[in-house]
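Tertiary structure, described
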Amino acid sequence: MKKPAWIVVLLTAIGLLLGWSIGAFFTNVTVAKVVASIPASPIVTGVSYNRDKHQLTYSMLNPGGMPLTIIQESFVFTPGSKSKEKGYVVSNIPVKVTLPPGVVTKVILKLKPGTEKLEIGDGVLATFTYVTPLSNDLYTVIHPFKMGISGKATAQSAKKGGEK
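Heads up: these notes are all about the structure in this document. (Residues numbered from 1 in each chain as written. Predicted model: local features only at pLDDT ≥ 70, side-chain atom pairs only at ≥ 80, totals over all residues. Heavy atoms only, no water.)

1. A few points about the pattern of salt bridges
For the record, the criterion: A carboxyl oxygen of Asp or Glu within 4 Å of a side-chain nitrogen of Lys or Arg is what we treat as a salt bridge. Under the DSSP-based scheme used, a helix requires at least four consecutive residues in state H or I and a strand at least two consecutive residues in state E, with every element numbered from the N terminus. Working definition: with a 1.4 Å probe on protein chains only, accessible area under 20% of the residue-type maximum means buried, over 50% means exposed, and in between means partly exposed.
Using the criterion set out here, one finds 1 salt bridge in the structure. Notably, a salt bridge pairs Glu 119 with Arg 51, separated by 3.2 Å at the nearest N-O pair. In this pair, Glu 119 is assigned in the loop between strand E5 (104-110) and strand E6 (123-131) and Arg 51 in the loop between strand E1 (43-50) and strand E2 (55-61), connecting sequence segments 68 residues apart. Using a relative accessible area of 27% as the deciding quantity, one classes Glu 119 as partly exposed.

The following block contains the structure:
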């Protein structure tokens with residue numbers, strides 16, 4: 001009589017482990033599908049200014065599982081102390097840039113034609129309006145950019161730090 005009891009206990013343990021494994025697999029697959037279907041907000045990972053083309057290039061990451069489409073750009077220019085340009089606003093620039101999921105995409109923001117090049121201390125507040133495939137709602141991402149310290153000032157401060 002002892003052998004049938006051990007067989008029942010062994011079969012029960014195997015059944016529980018098998019059921020737990022199958023359930024965990026289907027739960028993980030379902031959770032992965034749900035997470036992949038959640039649209040995320042794009043993240044600006046970097047900004048660079050091309051002086052020759054008078055444009056800012058934004059590197060944007062879409063961390064979600066669905067593609068996002070940028071449909072509008074706008075920006076507000078705020079002059080720094082070295083700038084001769086007055087502040088201005090350019091809004092509702094239609095654009096169609098798709099941000100694939102999990103990929104860094106370059107989005108180019110052309111500054112107002114005929115204006116002076118950006119100088120140290122100038123600021124640009126960019127607004128990107130985007131949509132997701134799941135709804136007709138509009139979402140925005142706002143990113144401030146300020147021209148950094150000149151190479152000359154950086155070299156001088158590095159020299160002072162190295163002197164003893």
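2. Looking at the sheet that holds E1
Rules: Only strands that DSSP links by at least two bridges are regarded as paired with each other. Interaxial angles span 0 to 180 degrees and are taken between N-to-C directions of axes, which are lines fitted to C-alpha atoms, for helices over the stretch in contact.
On the basis of which strands lie adjacent, the open sheet formed by 3 strands has the order E1-E2-E5 and antiparallel pairing. Strands at the two margins of the open sheet, each flanked by one partner only, are E1 and E5. On average, each strand axis in the sheet is tilted by 25 degrees relative to the strand beside it, whichever way the strands run. Inspection of the sheet shows E1 paired to E2 by 7 bridges, in the antiparallel sense. Looking at the pairing, Val 47 lines up with Tyr 58 of E2.

3. What about the environment of Gly 123?
Heads up, the condition is: Contact definition: two residues touch when any of their heavy atoms are within 4.5 Å.
Take Gly 123: it is sitting in strand E6. Take Gly 123: its relative accessible area is 13%, and that puts it in the buried class. Between the alpha carbons of Gly 123 and Met 147 there is a distance of 6.4 Å; along the sequence they are 24 residues apart. With residues near it in sequence (within four places) discarded, Gly 123 still touches Val 76, Phe 77, Thr 78, Phe 145 and Lys 146.

4. Notes on the nonpolar core
Counted only if it meets this: Nine residue types can take part in a nonpolar core, namely buried Ala, Val, Leu, Ile, Met, Phe, Trp, Tyr and Cys, and a core is a set of them joined through side-chain atoms within 4.5 Å.
With 23 residues, the main nonpolar core has Leu 56, Tyr 58, Leu 118 and Val 124 as its most contacted residues. For this core, the elements supplying multiple residues, two or more each, are E1, E2, strand E3 (68-78), strand E4 (88-99), E5, E6 and strand E7 (139-146).

5. Comments concerning the sheet that holds E6
Strands in a sheet are paired, the pairing made by backbone hydrogen bonds, and the direction either parallel or antiparallel. Taken together, the 4 strands give an open sheet; going across it, the order is E4-E3-E6-E7, and neighbouring strands pair in antiparallel fashion. Pairing within the sheet leaves two strands with one partner each, and these edge strands are E4 and E7. Direction aside, neighbouring strands of the sheet carry axes that sit 20 degrees apart on average. Here 9 bridges tie E3 to E6, and the two strands are oriented antiparallel to one another. Within E6, the position partnered with Thr 69 by the bridge is Val 131.

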